[in-house]
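Geometric and topological summary
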Amino acid sequence: MQLSSSFSLRPPRHPALDAARGFAVLAMVLGHALDALLSPAARAHSWVQRYWELRGITAPLFLLVSGWALVAALDQRPGAARAMYGRRVRRAALLVFLGYLLHWPGWAMVKWLGWSEALEARLFEFDALQCIGFSLLAGATVLVIAPGNRSRALMLAVLAAGVPLVSGAVWKLGPSLPIAVRQALGSEGSHFPLFPWAGFFFAGALAAQLFRLLRPGWPQGLALVVLGAGVIGVTQQISPDWSPTSPWLVAFRVGEGLLVLGVVSFAPVVLSRRLAPLGRLSLWVYVLHLPVVYGWADIPGLASRVGPTLEFGPALLVGVGLLGASYFAARIGRALRRLIRPWRQPATSLNISFSDSQRV
């Protein structure tokens, strides 16, 4: 491994994390496109149904990797978590803002519904970005108030296990809570409520805390595979429960996500390098593609304009085109942002070149 002259005390971006995030957003964009465009006849194929089952790992993997990145970005200096806290609060606020912005129904809908429970339900729909944002805020706070490795691991373990375990009880409080709080904490109809979805984020943060002393690549990859297989093995000893508040389901998906992250750690450098740029822009690819697929405000998306009418091949081509367009739009936006704010430190502050024999 050769270090460039650009060096800071911040650790490098974990290449396997960016690759895993790239894989997750790729599967997510293609999955949304297929979900919006596939005709009923195409959906009826058994292999498409199987694909929907496998697609269930994408959102948990995205949250898991986000939690891992929270811990992996820290260096070993005392007070590193405190020094980064302000930046992470701003990042969390951006995620929450974007999450709610994507669900803005438009002024026509606001005027039609008036200030009603139906409008509140539309305005405060709680999605993956808000879940990551609030989880990031909570996780960053934990890292500040628990400076020791053991205390951090203990608090993250309590959150990783506790959030799924109490989700059923939290959902029972739903009818007595304001709609915005109900959507965020969890109730029938919530998409990615904190209970239990934040459990994936804290599971990723816990795994990073436990394995942070291992070298990225084969050591961490092997540890992740062993842990993921162990978690799945434990779930196989328990009766499956696919309900939305099921701790079993969270544990099963966490095990799958750890296996994926471990396998990506073994991937050749050439593959990780191809996925990593997509992973680094995953937030903006996610934000850009959703309005195109599902519409925004009063502007209809592909789901309304084209609808569920396409066969698998054409729908897949649309998804690939949408992924490419969103990625290049995000790259252009990043380039413009660097021109406007050239003083801002880039996300990767330690540039590393890998030899051909290395794996990430």
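Just so it is clear, the structure is predicted and the values come from calculations on it, not from any experiment. Each chain has its residues counted from 1, following the order in which its sequence is written. Confidence filtering applies because this is a predicted model: local features only for residues at pLDDT of at least 70, side-chain atom pairs given and counted only at 80 or more, and all residues used for totals across whole chains, interfaces and linings. With hydrogens and water stripped out, all remaining heavy atoms of the structure feed into the side-chain values.

1. Points about the pattern of salt bridges
Think of it this way: side chains of opposite charge can pair up when their charged atoms draw near. Put simply, the rule reads: Here a salt bridge means any side-chain nitrogen of Lys or Arg lying within 4 Å of a carboxyl oxygen belonging to Asp or Glu. The secondary structure listing takes helices from DSSP runs of H or I that are at least 4 residues long and strands from runs of E that are at least 2 residues long, numbered from the N terminus. Here's how the labels work: a residue is buried when its accessible area is under 20% of the maximum for its type, exposed when over 50%, partly exposed in between, all with a 1.4 Å probe on protein chains only.
Using the criterion set out here, one finds five salt bridges in the structure. Close ionic contact of R280 with D18 constitutes a salt bridge, the shortest N to O distance being 3.7 Å. Here the residue R280 occupies a position in helix 14 (residues 269-280), and D18 occupies one in helix 1 (residues 15-37), the gap between them amounting to 262 residues. Judged by relative accessible area, which is 37%, R280 ranks as partly exposed.

2. Details of the confidence of the model for the protein chain
Rules: For every residue, the pLDDT score states the predictor's confidence, bounded by 0 at the bottom and 100 at the top. Residue contacts are counted whenever heavy atoms from the two residues lie within 4.5 Å of one another.
Model confidence for the protein chain is summarised by a mean pLDDT of 87, while 91% of its residues fall at 70 or above. Confidence drops under a pLDDT of 50 for residues 1-10, and excluding neighbours within four residues, the segment shows 26 contacts in the predicted structure.

3. A look at helix 15 (residues 282-294)
This is how the line gets drawn: Residue count minus one, scaled by 1.5 Å, sets the expected span of a helix.
Compared with the 18 Å implied by 1.5 Å per residue over 13 residues, the 18 Å span of helix 15 between its first and last C-alpha is a close match. In the stretch just after helix 15, G295 is the one whose phi turns positive, near 90°.

4. Some points on helix 12 (residues 218-235)
Put simply, the rule is: For this quantity, the arc is that covered by the directions from the helix axis to the C-beta atoms.
Relative to the 26 Å expected for 18 residues at 1.5 Å per residue, helix 12 spans 26 Å between its end C-alpha atoms, a close match to the ideal helical length. If you check which residues of helix 12 are buried, you get Q220, G221, A223, L224, G228, I232 and T235. Down the axis of helix 12, the smallest arc covering the buried residues is 165°, so these residues share one side. Facing away from the buried side of helix 12 by over 90 degrees, the exposed positions are L222 and V226. For helix 12, the secondary structure elements touched by its buried residues are helix 4 (58-72), helix 11 (194-211) and helix 13 (247-266).

5. Let's talk about the packing of helix 5 (residues 80-101) against helix 8 (residues 128-145)
The line we're drawing: Each axis is a line fitted through C-alpha atoms, taken for helices only over the stretch in contact, and angles between the N-to-C directions span 0 to 180 degrees. Between 65 and 115 degrees an angle is taken as roughly perpendicular, under 35 as roughly parallel, over 145 as roughly antiparallel, and anywhere else as oblique. Crossing handedness follows the turn of the near helix against the far one: under a right angle anticlockwise gives a left-handed crossing, and clockwise gives a right-handed one. Classification used: nonpolar for Ala, Val, Leu, Ile, Met, Phe, Trp, Tyr, Cys and Pro, charged for Asp, Glu, Lys and Arg, polar for all others including Gly.
Contact geometry for helix 5 and helix 8: axes closest at 7 Å, N-to-C directions at 165°. Taken together, the axes of helix 5 and helix 8 lie roughly antiparallel to each other. In the crossing of helix 5 with helix 8, the sense of the turn from one axis to the other is left-handed. Contacts between helix 5 and helix 8 pair A81, R82, Y85, R88, V89, R91, A92, L95, V96, L98, G99 and Y100 from the former with L129, Q130, I132, G133, F134, L136, L137, A140, T141, L143 and V144 from the latter. A breakdown of the residues in the contact of helix 5 with helix 8 according to their chemical character gives 16 nonpolar, four polar and three charged.

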